[in-house]
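Remarks on the overall topology
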Amino acid sequence: MARETDERGVGDERDERGERRAPSAVPDPAALAPAWREVVATARRSTRDGLVVGTSGNVSARVGDTVLVTPSGVPYDALGPRDMVAVDLDGRVRVGHLRPTSELPLHLAIYRATDARAIVHTHAVHATAVSTLVTELPAVHYMAGALGGPVRVAPYALYGSDELARHVLAALRDRTGCLLRNHGTVVYADTLRRAYEHTAQLEWMCQVWLAAAAVPGRAPALLTAAQLDEATDRLRGYGQPPGPAGAPPA
């Protein structure tokens, strides 16, 4: 799912020819309501599962050229239908009265550069700890293949900055998830459910590596590049085939 990132500026409001884009049409909040409910539910789950504390982290989903995103500084359990925040790909608020997350440049950069339809950003404890120790999560488990390969660590930059967004795009090259130095995680996918599941898997892999690396006098066994590639290929066909849940393949 990952693809090469583009070279447009994170806050650029011009198209590929350098011409300023016309304001997008105001989307219909009713049409966006199901996606907004899923954004809020995912944000609340990240708190319940301990991947974020308070209002840290953020969640977004793309519907056409509209991005639904959690607002800045609002407890997730306080969000309701009237708190919907929707922006266009230039970051202009199209629906809502609340200020979007401070990490909006990061979300928009990913949507512009990839085929992402959902993004989950967390401050998960073990992943953040690993981000302070290495430049790439060691290959302790084949589930790294679900994110496209070894998980890189994006260099530190101030949260909410265009610099951070650029670092993350580089770390996401041919990947769908990365760690942020002294900060947390970013994972994107084609659905919020998949983005969240892969976020949880990334946090679990970080916990496994920290636990194994902490054993005195021992070093964790790591997968070779060939072993990880083999697992990555196998993971592409993991799960049920397309069609009704539980239905046998035709």
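Figured I'd write up the structure that's included with this text.

Conventions adopted
- Residues numbered from 1 in each chain as written.
- Predicted model: local features only at pLDDT ≥ 70, side-chain atom pairs only at ≥ 80, totals over all residues.
- Heavy atoms only, no water.
- Helix = DSSP H or I, 4+ residues; strand = E, 2+ residues; numbered from the N terminus.
- Buried < 20%, exposed > 50% of the residue type's maximum accessible area, 1.4 Å probe, protein only.
- Areas by Shrake-Rupley, 256 points an atom, 1.4 Å probe, with all protein chains shown as cover.
- Axes fitted to C-alpha atoms, helices over the stretch in contact; angles between N-to-C directions.
- Parallel < 35°, antiparallel > 145°, perpendicular 65-115°, else oblique.
- Left-handed = near helix turned anticlockwise from the far one by under 90°.
- Contact = heavy atoms within 4.5 Å.
- Nonpolar A, V, L, I, M, F, W, Y, C, P; charged D, E, K, R; others polar.
- Patch = residues over 30% accessible without salt bridge, like charges linked within 9 Å, V, L, I, M, F, W, Y side chains within 5 Å.
- Salt bridge = Lys/Arg side-chain N within 4 Å of Asp/Glu carboxyl O.
- Pairing = 2+ DSSP bridges.

Focus: the overall build of the protein chain
Secondary structure assignment for the protein chain yields six helices and eight strands. Secondary structure of the protein chain in N-to-C order comes out as α-β-β-β-β-α-β-α-β-α-β-β-α-α. Sorting the 250 residues of the protein chain into buried and exposed places 46% on the buried side. With an accessible surface of roughly 12,700 Å², the protein chain has 53% of that area assigned to carbon and sulfur atoms.

Digging into the packing of helix α1 (residues 29–48) against helix α5 (residues 192–213)
Contact geometry of α1 with α5 gives a least axis separation of 10 Å together with a crossing angle of 15 degrees. By the criterion of interaxial angle, the relationship of α1 to α5 is roughly parallel. Two packed elements cross with a definite hand, and for α1 against α5 that hand is right-handed. Contacts from Glu 38, Val 39, Thr 42, Arg 45 and Ser 46 of α1 reach α5 at Leu 192, Arg 193 and Tyr 196.

Remarks on the packing of helix α2 (residues 104–113) against helix α4 (residues 162–171)
Relative to each other, α2 and α4 sit at 40 degrees, their axes nearing to 8 Å. Taken together, the axis directions place α2 and α4 in an arrangement best described as oblique. Along this stretch, α2 crosses α4, giving a crossing that reads as right-handed. Side by side, α2 and α4 meet where Pro 105, Leu 106, Ala 109, Ile 110 and Ala 113 of the first sit next to Asp 162, Ala 165, Val 168 and Leu 169 of the second. In terms of residue class, the contact of α2 with α4 is built from eight nonpolar, no polar and one charged.

Here we look at unusual backbone geometry
Unusually for a residue other than glycine, Asp 174 sits at a positive phi of about 60 degrees. Among the secondary structure elements, Asp 174 is positioned in the loop between α4 and β7 (177–180). Phi is positive for Asn 182, which is not a glycine, with a value near 55 degrees. When you line up the elements, Asn 182 lands in the loop between β7 and β8 (184–189).

Here we look at a nonpolar patch on the surface
On the surface, a nonpolar cluster with roughly 370 Å² of combined accessible area is contributed by Tyr 156, Leu 158 and Tyr 159. Looking at the element boundaries, Tyr 159 is found in the loop between β6 (153–154) and α4. Using a relative accessible area of 53% as the deciding quantity, one classes Tyr 159 as exposed.

What to know about α2
The buried fraction of α2 amounts to ten of the ten residues, a majority that puts the element mostly inside the structure. Among the structural elements, β1 (58–63), β2 (66–69), β3 (86–88), β5 (118–122), α4 and β8 are those in contact with the buried residues of α2.

Some details on the sheet that holds β1
Pairing between the strands of a sheet is mediated by backbone hydrogen bonds and can be parallel or antiparallel. Strand order in the open sheet formed by eight strands is β4-β3-β2-β1-β5-β8-β7-β6, with mixed pairing between adjacent strands. Edge positions in the sheet fall to β4 (93–95) and β6, since each of these pairs with one other strand and no more. Pairing geometry for β6 and β7, over two bridges, is parallel. Its bridge partner lying in β7, Ala 154 is registered against Leu 180. Those strands touched by α1 are β1, β2, β3, β4 and β5, and its axis lies near 150 degrees from that of β1.

Brief notes about the environment of Thr 191
With respect to the element layout, Thr 191 can be found in the loop between β8 and α5. The partly exposed category is assigned to Thr 191, whose relative accessible area is 34%. Sequence-wise, Thr 191 and Ala 118 are 73 residues apart; in three dimensions their C-alpha atoms are separated by 5.4 Å.

A short note on the pairing of β5
The side chains of a regular strand alternate between the sheet's two faces. By the criterion of burial, β5 is predominantly enclosed, with five of the five residues buried. Taking every second residue as pointing to the same face, both faces of β5 are buried, with Ala 118, Val 120 and Thr 122 on one and Ile 119 and His 121 on the other. Relative to β5, β1 is paired through four bridges, and the arrangement is antiparallel. Among the inter-strand pairings, Val 59 is bridged to a residue of β5, identified as Val 120. Direction of pairing for β5 relative to β8: antiparallel, over a ladder of five bridges. Along β8, the bridge assignment pairs His 121 with Val 186.

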